[in-house]
Amino acid sequence: MSDFTPNEMMTIAAARALSNDDVCFVGIGAPSAACNVARLTHAPDITLIYESGTIGTAPTVLPLSIGDGELCETALTTVAVPEMFRYWLQGGRITIGFLGAAQLDPFGNINTTVIGDYAHPKTRLPGGGGAPEIASSSGEVFITMAQSKRGMVKDIDFYTSFGHGRGGIHRQELGITTKGPTLLITDLAVWRPNPETKEFEVNSIHPGATREEIARTCDWDVKYAASVDETPPPTAEELGTLRELKARTDAAHAGTASKRGSKDG
Amino acid sequence: MSDFTPNEMMTIAAARALSNDDVCFVGIGAPSAACNVARLTHAPDITLIYESGTIGTAPTVLPLSIGDGELCETALTTVAVPEMFRYWLQGGRITIGFLGAAQLDPFGNINTTVIGDYAHPKTRLPGGGGAPEIASSSGEVFITMAQSKRGMVKDIDFYTSFGHGRGGIHRQELGITTKGPTLLITDLAVWRPNPETKEFEVNSIHPGATREEIARTCDWDVKYAASVDETPPPTAEELGTLRELKARTDAAHAGTASKRGSKDG
Amino acid sequence: MAKFQSLSEAVAENLKDGDSVAFEGFTHLIPHASAHEAVRQGRRDLTLIRMTPDVVYDQLIGMGMVKKLVFSYAGNPGVGLLRRLRDAVENQWPRPLKVEEHSHAAMANAYEAGAAGLPCAVFRGYKGAGLKDVNPNIRSVTCPFTGEELAAVPAIRPDVAFIHAQKADRKGNVLIEGIVGVQKEAVLAARRSVVTVEEIVESFEGVHPNACILPHWTITSVVHVPGGAHPSYAQGYYPRDNAAYLEWDKIASDRDAFQSWMRENVLEVGPEIFATRVAPLKEAAQ
Amino acid sequence: MAKFQSLSEAVAENLKDGDSVAFEGFTHLIPHASAHEAVRQGRRDLTLIRMTPDVVYDQLIGMGMVKKLVFSYAGNPGVGLLRRLRDAVENQWPRPLKVEEHSHAAMANAYEAGAAGLPCAVFRGYKGAGLKDVNPNIRSVTCPFTGEELAAVPAIRPDVAFIHAQKADRKGNVLIEGIVGVQKEAVLAARRSVVTVEEIVESFEGVHPNACILPHWTITSVVHVPGGAHPSYAQGYYPRDNAAYLEWDKIASDRDAFQSWMRENVLEVGPEIFATRVAPLKEAAQ
């Protein structure tokens, strides 16, 4: 398949990183699409959890919010929100926490709180929601975002959620026992942290994307792994599944859902 | 009605102390009978809560344990046990906690843990169950027990649950904000704590009982309130309700329930 | 003991100027009708509490009724940022807004602690997170067994909580089903509570034994307001009005447009309007 | 991921000598069949955990399998004391028994903390209570906001939890209804878990959206043992066998009577016996 968008490639690359045994804490937007594509292709038994309390959801269309009725109707069970954060997230049962970011630094630290000073922000963003504890309590963290110089910055304005801090063993120094960000999937590349420094390195470049484009849309000095592959392009099955899911979603939310990119919590 | 047993009088006197607006944490045995007689006579809207998690139960027969199926089947809802102790008891929603005792002292301190030394007990009793926090978190505490020199003692062997300690403002000194034991109903009398010393005083003597009998079945020096009444005898309605409840209970548990006096939790 | 009242009585008796108040709902069952009644009654100087302030909090903030917001995620779900909230925080319009910001885990635990009568909630959280440095209500305790440092936040104890639920029975017991959020905790944590419901039924006979039910004696006031969650949804009654959430983004982008929308759609109408708003949604869902 | 196994496989794979183990159940759904299998497999040196140890713990203690008991109320519900437990504590027969004793509130909070992955539970409790003086695992923390001293106990994290439930579906998800006790918490707090069920159904389609369900990936092993709670009960399946609880008082009053009862009714039978034991109860209840 050669006829696909960078966003589709991003979603499909993220979907591939999930396995049948994963228990995913899902954010809205790209993470939700990726998790559901995984469920509809190679990982039919993956467990999807939304922070509204729905456990084991299998929506036929993508939700607009983390609390859509569809998520509850298709869930194995729905629990109260305090239980969700205590037994399921803090209890260490989540294998993958999926996060988006307004600002991301090369060590996987995320800002969704403010642009500018906290007390007098230039832009007041929505805040962390579940992210601070998703980042510390999930077994590992996957991040997806479209690349931009405003989004991928050397220094974030606020540490909404902690990735690898200043890198190296900074997580362990803070007493955090989980792995933190292990994967960053953008619309141009797949990145993984360097095993020592924990700084993100490009591991594979999506078909059609270039090193120049990656550099132009990232405000930090991009590092590359020793061997950099091309991301395998979407298969017909992957792309078909994603597009059918989006078509079903658009039909279900007909006329009411022209914009769905934002994360809410 | 003059034809009634001391136990019936005890249960009915306890039932009278309950009102329609009360939310009672009910133990098994005499407390359960008293609460249900109240519900079936003057307090039809009383809320009965059993520590197994059943809220607003209305059993047609008395349960044998705090977790009988009947309690759940007739309840408004049934919650998990951690929630019961956190939201409902610790949350301060219980107006009356009903306790029994193996040993009771004149200040309403209760022992249901051991007779003798804790490490090498002469008799290992069942332990406190819910009692330590029922005693401190309920708005007030009612105690029922049949009188005996072994049961009503000057000094209990173990402080399973705290009543008024050494009396006076001992509760407040420990930071306990609830009233503690405000009523003791035995098979012979109704007792209330002296407003200053907090030592139990006989407030009314059941019909047929005497000061001599009370003294003979109590190991501490019995004090009397300034004015001591005779407990009004059971009315025909009270006694009929209690006896019908017991008859229904015996029929329902036919052959399996010859002994029901023990508290379980 | 729950009183059955009109919405204007329930709000007048239970919400005072200066109160801390939670209109809770987690995407589902958001009590819009109650909040709109508070707008009509012109309450001032409120401290608003909610995990996920969205459109309806944008409205209260934009009307200048709010002095402080306690929250963990402020956004228009599936759409974007809250423009009235941003205007208040970034430009102090129509008045400055204090914020006390937490994570979801902290807020959920703080409601739980409030319901449980505790002074604080203890959990594992905020590790490496920046909110610790800007919110003095994020502290810590040390586990006396392992020495681990755990996060602590004060329990949430609102003066009053408003929620919307599916059903009340004749006694005023309330049934919540589906995504139950933190609504039970909000009611149990609050000094007073008002519950609007889609329907009043004779009894809850036949409901699952472990359903989420609030006994009538935990609730101050029950009000029958069909559609009272709109544009949020009530599972089993009507779906979410996604178009209204999208539309809000445009309305809230302009101060004048916002004010005339509030006049026409809140100030000059009453709670009966909610039933008519959900009627086409109910129909479309059939 | 839950495996469907025989009871002997499930116990053999999951319960080892020296383990800490909770056979939980709060009057309802007590996992007698699993405990009897542990007797047959001769496990030793167990630390037993349960809020309400009753007849089945009396049996394990009397068989000498237990070195320590963590509990909050030990009695034969509706009948009286546990005679084998008393013999162990008072006379060290057949071996000495260590006890770690708590209140129900402490145990319930400790299971909750275990399920929540915390090292300890914090609650308001033990004020003026004597257990504080005899149990070094009752400590305190100070609220960093109010200065109130709150009780703290270690989280319960059993090596293995056994529970009995009404239903599993084909994937191994488990449904518990009625008096749910602390069973969900016990499973989530434990490293391994074995669930015996009355029935295996195709799916949970139609069950209430907020029912108490444990996902299959939180459970190690699911075993179909109809009647497996007897003489406890399974709501919707069979009532409590009150006569058996009364009878136990006589059996347990004598060491020899106890041992021969265990031989005849546990050692020389298998889990199939439970279905036959509840058959007359099911019939009588109809």
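A quick note: this is a predicted structure, and the numbers were derived from the prediction, not measured.

The next subject is the interface of chain C and chain A. Contacts between the two partners involve 47 residues from chain C, matched on the other side by 51 residues from chain A. Regarding the contact of chain C and chain A, the summed buried area is about 4000 Å², with carbon and sulfur atoms giving 60% of it. Interface area lost by chain C to chain A is led by Tyr73(C), Gly78(C) and Lys127(C), which between them contribute 16%. Here chain C is connected to chain A by one salt bridge. Between Glu101(C) and Arg124(A) there is a salt bridge whose closest N-O contact spans 2.6 Å. In this assembly, chain C and chain A are joined by 17 residue pairs in polar contact (both at pLDDT 80 or more). At the level of elements, α4 (83–91), β5 (98–101), α5 (104–115), β6 (120–123), α6 (131–134) and α8 (242–251) of chain C are the ones that each hand at least two residues to the side of chain C that touches chain A. The element that contributes the greatest number of residues to the side of chain C that touches chain A is α5(C), accounting for five residues. Considered class by class, the residues forming the side of chain C that touches chain A number 24 nonpolar, 15 polar and eight charged.

What follows deals with the environment of Asn135(D). All names here are of chain D. Examined against the element boundaries, asparagine 135 turns out to sit in the loop between α6 (131–134) and β7 (139–142). Residue asparagine 135 is classed as buried on the basis of its relative accessible area of 6%. Considered as a pair, asparagine 135 and glycine 270 are 135 residues apart in the sequence and their alpha carbons are 39 Å apart. If we skip the residues at most four places from it in the chain, asparagine 135 touches Glu100, Glu101 and His102.

Across chain C, the average pLDDT comes to 97, with 100% of residues at or above 70. Listed scores for the predicted complex are pTM 0.97 and ipTM 0.96.

When chain D is fitted to chain C, the best match, at an RMSD of 0.0 Å, comes from turning it 180° and sliding it 0.0 Å along the axis. Taken together, the turn and the small shift mark the pair as related by a two-fold rotation axis.

Right, let's talk about the sheet that holds strand β12 (residues 189–193) of chain B for a bit. Residues and elements named next belong to chain B. Taken in spatial order, the ten strands line up as β4-β3-β2-β1-β5-β10-β11-β12-β13-β14 in an open sheet, and their pairing is mixed. Across the chains shown, the open sheet's two edge strands, defined by having one partner strand only, are β4 (77–78) and β14 (223–230). The pairing of strand β1 (residues 23–25) with strand β5 (residues 96–99) spans two bridges and is parallel. By the bridge assignment for β5, cysteine 24 is matched with isoleucine 96. Relative to the sheet, helix α1 (residues 6–16) contacts β5, β10 (140–145), β11 (181–186) and β12, its axis offset from that of β11 by approximately 155°.

In helix packing, the relevant descriptors are the interaxial angle and the interaxial distance, both defined with respect to the helix axes. All names here are of chain A. Their axes nearest at 10 Å, the elements helix α1 (residues 6–16) and helix α8 (residues 236–252) cross at an angle of 110°. Of the possible angle classes, the one that applies to α1 and α8 is roughly perpendicular. By crossing handedness, the relation of α1 to α8 is classed as right-handed. Facing α1, whose interface residues are Glu8, Thr11, Ile12 and Arg16, α8 presents Glu238, Leu239, Leu242 and Arg243. In terms of residue class, the contact of α1 with α8 is built from three nonpolar, one polar and four charged.

Turning next to the interface of chain D and chain C. Facing 30 residues of chain D, the contacting portion of chain C comprises 30 residues. Note on chain D versus chain C: buried area summed over both sides is about 2200 Å², and carbon and sulfur give 68% of it. Applying the counting rule to chain D against chain C returns eight residue pairs in polar contact (both at pLDDT 80 or more). Those elements that place two or more of their residues in the side of chain D that touches chain C are β6 (120–123), β7 and β8 (149–154) of chain D. Across the side of chain D that touches chain C, the residue classes break down as 18 nonpolar, eight polar and four charged.

Another aspect to go through is the sheet that holds β7(D). Residues and elements named next belong to chain D. Read across the open sheet, the three strands follow the order β6-β8-β7; overall the sheet is antiparallel. Each edge of the open sheet is held by one strand with a lone partner, namely β6 and β7. Adjacent strand axes in the sheet meet at a mean angle of 40°, parallel and antiparallel pairs treated alike. The sheet contact formed by β6 and β8 spans four bridges and is antiparallel. Bridged to cysteine 120 within β8 is proline 154. Strand contacts of helix α5 (residues 104–115): β6 and β8, with the helix running at about 130° to β6, the strand carrying the most contacts.

A word on the packing of aromatic side chains. Counted by the stated rule, this structure contains 22 aromatic pairs over all chains. Between Phe25(A) and Phe85(A), the ring centres sit 6.1 Å apart and the planes meet at 65°, which makes this aromatic pair edge-to-face. Taken together, the residues span a long stretch of sequence, with Phe25(A) in strand β1 (residues 23–25) and Phe85(A) in helix α4 (residues 81–90) at a distance of 60 residues. Here the two residues Phe25(A) and Phe85(A) agree in accessibility, since each one is buried. Judged by centre distance (6.2 Å) and plane angle (90°), the rings of Phe23(D) and Tyr57(D) are edge-to-face. Of this pair, Phe23(D) sits in strand β2 (residues 20–23) while Tyr57(D) is found in helix α3 (residues 55–62), placing the two residues 34 residues apart along the sequence. Each member of the pair, Phe23(D) as well as Tyr57(D), carries the same accessibility label: buried.

It is worth spelling out the side chain of Ser65(A) at this point. All names here are of chain A. Checked against the element boundaries, serine 65 lands in the loop between β3 (54–55) and α3 (69–73). There is a polar contact of 3.0 Å between the side chain of serine 65 and the backbone nitrogen of glycine 67. Within polar-contact distance, the side chain of serine 65 engages the side chain of aspartate 68 at 2.8 Å.

Tallied over the full model, the rule gives 45 salt bridges over all chains. A salt bridge links Asp159(C) to Arg191(C); the nearest nitrogen and oxygen atoms lie 3.6 Å apart. Taken together, the residues span a long stretch of sequence, with Asp159(C) in the loop between β8 (149–154) and β9 (160–169) and Arg191(C) in the loop between α7 (183–189) and β11 (192–201) at a distance of 32 residues. Residue Arg191(C) is classed as exposed on the basis of its relative accessible area of 56%. A salt bridge links Lys127(D) to Glu148(D); its shortest N-O distance comes to 3.7 Å. Separated by 21 residues along the polypeptide, Lys127(D) in the loop between β6 and α6 and Glu148(D) in the loop between β7 and β8 bring together distant segments of the chain. For Lys127(D), a relative accessible area of 15% puts it in the buried group. A single network of salt bridges, built from pairs that share partners, joins Arg84(C), Asp87(C) and Arg255(C).

Criteria and cut-off values
- Residues numbered from 1 in each chain as written.
- Chains lettered and ligands numbered in written order.
- Predicted model: local features only at pLDDT ≥ 70, side-chain atom pairs only at ≥ 80, totals over all residues.
- Heavy atoms only, no water.
- Contact = heavy atoms within 4.5 Å.
- Buried area = accessible area lost by both parts, 1.4 Å probe.
- Salt bridge = Lys/Arg side-chain N within 4 Å of Asp/Glu carboxyl O.
- Polar contact = N/O pair within 3.5 Å; in protein donor to acceptor, adjacent residues only side chain to side chain.
- Helix = DSSP H or I, 4+ residues; strand = E, 2+ residues; numbered from the N terminus.
- Nonpolar A, V, L, I, M, F, W, Y, C, P; charged D, E, K, R; others polar.
- Buried < 20%, exposed > 50% of the residue type's maximum accessible area, 1.4 Å probe, protein only.
- pLDDT = per-residue confidence, 0-100.
- Least-squares fit on C-alpha atoms with pLDDT ≥ 70 in both.
- Pairing = 2+ DSSP bridges.
- Axes fitted to C-alpha atoms, helices over the stretch in contact; angles between N-to-C directions.
- Parallel < 35°, antiparallel > 145°, perpendicular 65-115°, else oblique.
- Left-handed = near helix turned anticlockwise from the far one by under 90°.
- Phe/Tyr/Trp six-rings, centres within 6.5 Å; stacked < 30°, edge-to-face > 60°.

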